[in-house]
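Coordinate analysis (summary)
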There are 2 protein chains.
Amino acid sequence: MTAEAHPTLTKNQKLVFGSLSGAGGPLTAYAILDLLRDSGFRAPLQVYRALDKLVEYGLVHRLESLNAFVACSHKGCSGHGTAAFAICEKCGLVSEFTPDKAIEALRAWTRDEGFHLSRTTIELRGTCRTCAGVS
Amino acid sequence: MTAEAHPTLTKNQKLVFGSLSGAGGPLTAYAILDLLRDSGFRAPLQVYRALDKLVEYGLVHRLESLNAFVACSHKGCSGHGTAAFAICEKCGLVSEFTPDKAIEALRAWTRDEGFHLSRTTIELRGTCRTCAGVS
DNA sequence: TCGGATCGCGTAACATTATTACACATTTAT
DNA sequence: ATAAATGTGTAATAATGTTACGCGATCCGA
C-alpha cells in the first residue's frame, strides 16, 4: 500500500492528470495531447513525460492491452498497491479493482521462483454486466 | 483447458509459428517479419494475420506489456486455459505459468460483477532468480 | 459441376504509438 | 552564487498496427 506522499505536481503533470481525471475513462497519450493543445501542448513527449511521473507516483495506471492511461480510481489517491482492470469490449467501461487473493497467489509464485516482482499487470477483457444483459 | 483441435496450419502460419518456436523467447511482429523475409514475407500484415490465428488457436500468446508474441510453452500444445507470464527486465527471460488460484479469484470477481470474461492478461515484471542473485 | 461464399494471400499506403537527440529553463541544495 | 538535478520545448524518427483493394484457392450447396 506504500502510502507515501508524492511530490507536488508540475504544471504539465497537473494538466495531464486533470484531463485524465475529467475523462472518466482511459485516454491514449495522443488523445491527451489533443485535449491539451489549447493549454500549449505541442508534442507527444510532453505527454509521455508527465505520464511517466504520474504512473510512478501511482496517480495514473497504464492499460497495457489498450495502450492507454487512466486516472487511479482512489479519489484522494496517495499511492496504493496493485490494481486489476476489467475492460468492457462493447462500451469501453473500465472497472478498477483490487483482487487481493489473486495478488497473493501471484506473489506466492514469485517467492517460490525467487522472482523479484516490481510491477503486476492484470487486465480482464470481456463484456460488462450491462452490455452482457443487452446481449 | 478446452482441448479442442485446431485446424491444420497454413503455410504462413507454420512459418510464423516456426520462427517463434525456434526463438525460445518473445519476438515482435516486425522481428518475425525480418526473420521471414528470406521465406518470401514482404509486409507486416502477413505476420499479423498469421499471429491472429495462432493466438486464436492458443498456440501463441501475446505479451501486452512487451508488444510481442511468444510460442505457448506447452510443447505439444493443443489449446489450454489462461496463462501468466513473468518477464525479467534484466535478461529478457519470459516464464509462462498457470496460476490457478489467482485465476479462480479473478473469475469469482467476474461472477459477482456479472462481467462476461473473454480473455485474461496477467504479466509480472521484475527480475528473475538468476539476475536477482547477481544483483 | 457450376456458381457463389469464404478464406487465405500479396501489396501499398497509412495511422497510431513511442522514442531519440538536442537545447534551454527552472528548481534545489550547497 | 553556483552546480546539479529536474523539467521543458521542438523536431525528427522509430516502432507498432491497420485499412483498402484485388486476386486465387477451397468449400459447399443447388
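Higher on the page you've got the structure.
Residues numbered from 1 in each chain as written. Chains lettered and ligands numbered in written order. Predicted model: local features only at pLDDT ≥ 70, side-chain atom pairs only at ≥ 80, totals over all residues. Heavy atoms only, no water.

**Looking at the overall build of chain A**
From N to C terminus, chain A includes 5 helices and 5 strands. Tracing chain A from N to C terminus, the helices and strands come up as α-α-α-β-β-β-β-α-β-α. In terms of principal-axis extent, the alpha carbons of chain A reach across some 50 × 40 × 25 Å. For chain A, the residues scored as buried account for 44% of the 135 residues in total. When contacts within chain A are restricted to residue pairs at least 6 apart in sequence, long-range pairs at least 24 apart make up 52% of them. When the accessible surface of chain A is totalled, it reaches about 7,200 Å², and 52% of it is carbon and sulfur. Positive and negative side-chain charges in chain A, numbering 15 and 13 respectively, have mean positions lying 6 Å apart. (Helix = DSSP H or I, 4+ residues; strand = E, 2+ residues; numbered from the N terminus. Buried < 20%, exposed > 50% of the residue type's maximum accessible area, 1.4 Å probe, protein only. Contact = heavy atoms within 4.5 Å. Areas by Shrake-Rupley, 256 points an atom, 1.4 Å probe, with all protein chains shown as cover. Lys, Arg positive; Asp, Glu negative; His and termini not counted. Charge placed at Lys NZ, Arg CZ, Asp CG, Glu CD.)

**Description of the packing of aromatic side chains**
Enumeration according to the criterion identifies 6 aromatic pairs over all chains in this entry. Seen from their ring centres, Trp109 of chain A and Phe97 of chain B are 3.8 Å apart, and the 10° between their planes marks the pair as stacked. Linking Trp109 of chain A in helix H4 (residues 100-113) with Phe97 of chain B in strand E4 (residues 94-97), this pair reaches from one chain into another. Assigned by exposure class, Trp109 of chain A and Phe97 of chain B land together as buried. Note on Tyr30 of chain B and Tyr48 of chain B: the rings are 6.5 Å apart at their centroids and 70° apart in plane angle, and the pair reads as edge-to-face. (Phe/Tyr/Trp six-rings, centres within 6.5 Å; stacked < 30°, edge-to-face > 60°.)

**Considering the protein's contact with DNA strand C**
Neighbouring residues of DNA strand C: 15 residues in total, closest Tyr30 and Arg62 of chain A together with Arg42, Gln46 and Arg49 of chain B. Put simply, 43% of the atoms of DNA strand C that lie within 4 Å of the protein are in sugar or phosphate. In the environment of DNA strand C, a phosphate oxygen lies 2.6 Å from a nitrogen or oxygen atom belonging to the side chain of Gln46 of chain B. Every element with two or more residues in the surface near DNA strand C is listed here: helix H3 (44-57) of chain A together with helix H1 (11-23) and helix H3 (44-57) of chain B. The dominant element in the surface near DNA strand C, judged by the number of residues it contributes, is H3 of chain B, at 4 residues. Across the surface near DNA strand C, the residue classes tally to 5 nonpolar, 5 polar and 5 charged. (Near = heavy atom within 4 Å. Polar contact = N/O pair within 3.5 Å; in protein donor to acceptor, adjacent residues only side chain to side chain. Nonpolar A, V, L, I, M, F, W, Y, C, P; charged D, E, K, R; others polar.)

**Brief notes about the environment of Pro26 of chain B**
Residues and elements named next belong to chain B. Within the fold, Pro26 resides in the loop between H1 and helix H2 (29-35). The exposure class of Pro26 is partly exposed, given its relative accessible area of 23%. Residue contacts for Pro26: discarding those within four places in its chain leaves Leu63, Leu66, Ala68, Phe69, Val70, Gly92 and Val94.

**A closer look at a nonpolar patch on the surface**
Taken together, the side chains of Tyr30, Leu45 and Tyr48 of chain A make up a nonpolar region of the molecular surface, amounting to roughly 300 Å² of accessible area. Along the chain, the position of Tyr48 of chain A falls in helix H3. (Patch = residues over 30% accessible without salt bridge, like charges linked within 9 Å, V, L, I, M, F, W, Y side chains within 5 Å. Salt bridge = Lys/Arg side-chain N within 4 Å of Asp/Glu carboxyl O.)

**Looking at the relation of the copies chain B and chain A**
The two copies are related by a screw operation: chain B maps onto chain A through 180° of rotation and 0.0 Å of translation along the axis, at an RMSD of 0.0 Å. Taken together, the rotation and translation describe the operation of a two-fold axis. When C-alpha positions in chain B are compared against the rotation axis, the closest is assigned to Ala102 of chain B, at 1.9 Å. Both copies contact each other with a shared surface, as 100% of the interface residues of chain B are interface residues in chain A too. (Least-squares fit on C-alpha atoms with pLDDT ≥ 70 in both.)

By themselves, these observations are geometric and do not establish any function.
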